[in-house]
Amino acid sequence: MEIREATPGDAFINKKYLDKSCSFSYNIGSPVFRYHTVQGVFSMLSSIISRIIIWFLSFALLLLLLLVPMDTVFVEGRGGSFMGATYDYQVARHVENIKTFFTYIRETGGLGTDEAGDPIMAKILTVFLRSLLIFLPAIVIGFFLGITKGIFDFKNRKSKRKLLGQPVTIGLLSIPDIVIIVSIQLAVIFLYRHGLVDISLYGHDRLENVLMNILYLSIYPVMFISNITYKTLEAEQGLDYVRTARSKGTGELKVLYIHMLKNGMPKILSHSNTMVLYTLSNLFIVEVFTEYRGAAFYMYHTLGSATEFYVGALFTPDTIAQIGYVFLFTLVILFFNIVSGVARAKVTLREGSR
Amino acid sequence: MNRILLTGIVMTGIVLLAVLFGPSLPLVDKSMDQNLVVRDSDGALLVPPIPPSDEFLIGTDRKGVDLWSRLMVGARETFYILGVILAVRLFAALLLSIGAFYSKGLRLLMDGWNAVFSFMPTIFIILILLAVPGVMFSDYRSFWVLIILAAVEVGRLALIFYENMEYQRRQTYMEAAVANGGGRWTLFRNYYWPSLVRELVITAPMEAGRTMFLLVQLGVIGIYVNQQFFSQLDRSYRAVEMSDAWPVLLGNLRQDIYSAPWIPIAALIAMTFSILGFYILAEGLKKRQAMKRRIQS
């Protein structure tokens, strides 16, 4: 089975850019080569700039959504019970909200303080770093272990060990992560009842919470990267340069690592954006489910008005904090967007000078 | 012999069976009575959730409703939700991609849509959109939730269809079709549309799997399609899912893992089974198309 993953933004930005910078020349020092290098740097820069512009647009759009006026008229029944609510959207109120927000930002010079007088910025940052503490290791593990597993799958695609390879990768990629998480938790509970392990499954303040959450979060990236690596190696397999290398007597391992993997790297990296997006989605589920008090957890609970509210007031008018979280999350995505773009350009350029 | 396709057909067939004949299947209690207190064979009293036993094949939920009945009866509603999301999504994506293929303006819209959405994780944007009060308190909330769940993936899907048409355009035989004087409509009817249909046949089960995947994720964090607000002890109101759909069984996952693991296990098995069924079906259909092409050439 193949999980088809189109990379939405990437396809838009990189199609043009890849077409240009892929055309490299093998003659170092030739004018053609120099021209292409310069072009490569330029297209790299313009790709970074266009990514930043798109990031800005998406953030603006999210900001617009978060600042939708909350003027809900609650209809109260006897004893303040909830009978219903009517909502009436007015553009003028929306504009007013946006103006107020920017004035607020300018006046407080940060994000201001919450009801208790603590600075919101500091809280957001602490919580956000807590999220990064599980998110970044998951991505790094995903990348390294994923490529390793991809190579394993590829090397064993024809041997008896094949059953442990690609089918397992695809299988784990197809079933919802929560199935794996629940299985792990049930196993832990089973072992606990037999007095073998003592791991707390919920919370955020212990090392084991962090480690378990990294484990949960890294399942998808590992399988995703592994699948992409396998596909890439498979595609490189029949190409002329591989046959040439083999016919010249280059060892199988050397061909695999030095030639095929290096050439396949841009392809693998180009999917990192999709992987990061998906893992961030997963971060919500893992944090909310395990009560790991990171940024996604708080964002879910401040946005929680979708599932919880009090009559008379929406559950959390804490829009400022939400905007802070959204800003930081989209910034992370932008970072990975640029990293993957730059890495891709670098690999392509090195190709050119080889 | 295409074994993958066969497996896919059998698996989706089983799911379809539950959807069509769920309430009349054996061991299904259509009325879904709540068994509040049950006496076991030794005469001891049991309160729900009751673990799997002779009387309740896979146990009961927290209200004492037989879980097997609930799964079978709930299948129809689950796949009704899934079907609506899928239909809206595919239809909108087809329109957008065909539009983008012929009009530069729509092309820009599609690319822009995808670029902007590439900065928003799916769950993230769903949460933000659902929290908009206009959606949250709408009398047609279920409708809006379905639309939002469908819309978040339209851009990505449109891109797949668009690339299919672009690929078709690059084929050499298309030049012949153009040279023979094929007009825009003729080309679309005879070349692009059939190619899109071939893509659709694979994409539809694939998307069905993905949608179910999304419903699982949303179920875990407590977001359902049909919900009503109910008063809590602290005078706050909490959304409570009123339906028998499968994702609802995941609502209490954290406690259930400790005290009644059979509830989430049953729900997860049912949903994972259908996800795998859809993916395998898509893969089998893809293989079938590839084999057909090989025979033709």
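Residues numbered from 1 in each chain as written. Chains lettered and ligands numbered in written order. Predicted model: local features only at pLDDT ≥ 70, side-chain atom pairs only at ≥ 80, totals over all residues. Heavy atoms only, no water.

A. Highlighting the overall build of chain A. If you tally the helices and strands in chain A, you get 12 helices and 3 strands. The 354 residues of chain A split such that 51% are buried. For chain A, the computed accessible surface area is about 16,900 Å², with 67% contributed by carbon and sulfur atoms. (Helix = DSSP H or I, 4+ residues; strand = E, 2+ residues; numbered from the N terminus. Buried < 20%, exposed > 50% of the residue type's maximum accessible area, 1.4 Å probe, protein only. Areas by Shrake-Rupley, 256 points an atom, 1.4 Å probe, with all protein chains shown as cover.)

B. Highlighting the UniProt feature "transmembrane region" (unreviewed entry) in chain A. All names here are of chain A. What UniProt calls "transmembrane region" (unreviewed entry) maps, in this numbering, to residues 52-70, 127-147, 168-190, 210-230, 275-300 and 320-343. The span residues 127-147 carries 100% helix and 0% strand; its end-to-end C-alpha distance comes to 31 Å. Helix makes up 100% of residues 210-230 and strand 0%, and the two end C-alpha atoms of the span are 30 Å apart. (UniProt positions renumbered as here; feature names shortened; annotations may be inferred.)

C. Quick peek at the packing of aromatic side chains. All names here are of chain B. Here the structure, examined in full by the defined rule, presents 26 aromatic pairs over all chains. Relative to Trp-246, the ring of Phe-79 has its centre 5.5 Å away and its plane inclined at 90°; by these criteria the two rings are edge-to-face. Of this pair, Phe-79 sits in helix α2 (residues 67-102) while Trp-246 sits in the loop between β4 (236-241) and α10 (253-259), and the two are 167 residues apart along the sequence. By the burial criterion, Phe-79 is buried, and Trp-246 matches it. (Phe/Tyr/Trp six-rings, centres within 6.5 Å; stacked < 30°, edge-to-face > 60°.)

D. Quick look at a positive patch on the surface. Residue and element names in this part refer to chain B. Among the surface-exposed residues, Arg-198, Arg-288, Lys-292 and Arg-293 lie close enough to one another that they form a single positively charged patch. Per element, the largest residue contribution to the positive patch is 3 residues, and it comes from helix α11 (residues 262-296). You can call Arg-288 partly exposed: its relative accessible area is 41%. (Patch = residues over 30% accessible without salt bridge, like charges linked within 9 Å, V, L, I, M, F, W, Y side chains within 5 Å. Salt bridge = Lys/Arg side-chain N within 4 Å of Asp/Glu carboxyl O. Lys, Arg positive; Asp, Glu negative; His and termini not counted. Charge placed at Lys NZ, Arg CZ, Asp CG, Glu CD.)

E. Representation of the environment of Met-260 of chain A. Examined against the element boundaries, Met-260 of chain A turns out to sit in helix α9 (residues 252-270). Between the alpha carbons of Met-260 of chain A and Phe-284 of chain A there is a distance of 36 Å; along the sequence they are 24 residues apart.

F. Structural detail: the pattern of salt bridges. Scanning the model with the defined rule gives 10 salt bridges over all chains in all. One salt bridge in this structure joins Glu-291 of chain A and Arg-254 of chain B, with 2.8 Å as the shortest N-O distance. A residue pair is termed interchain when its members come from two chains, as with Glu-291 of chain A in the loop between α10 (272-290) and α11 (295-302) and Arg-254 of chain B in helix α10. For Glu-291 of chain A, a relative accessible area of 28% gives the class partly exposed. Salt bridges here are not isolated pairs; linked through shared partners, they connect Arg-89, Glu-153, Arg-156 and Glu-207 of chain B.

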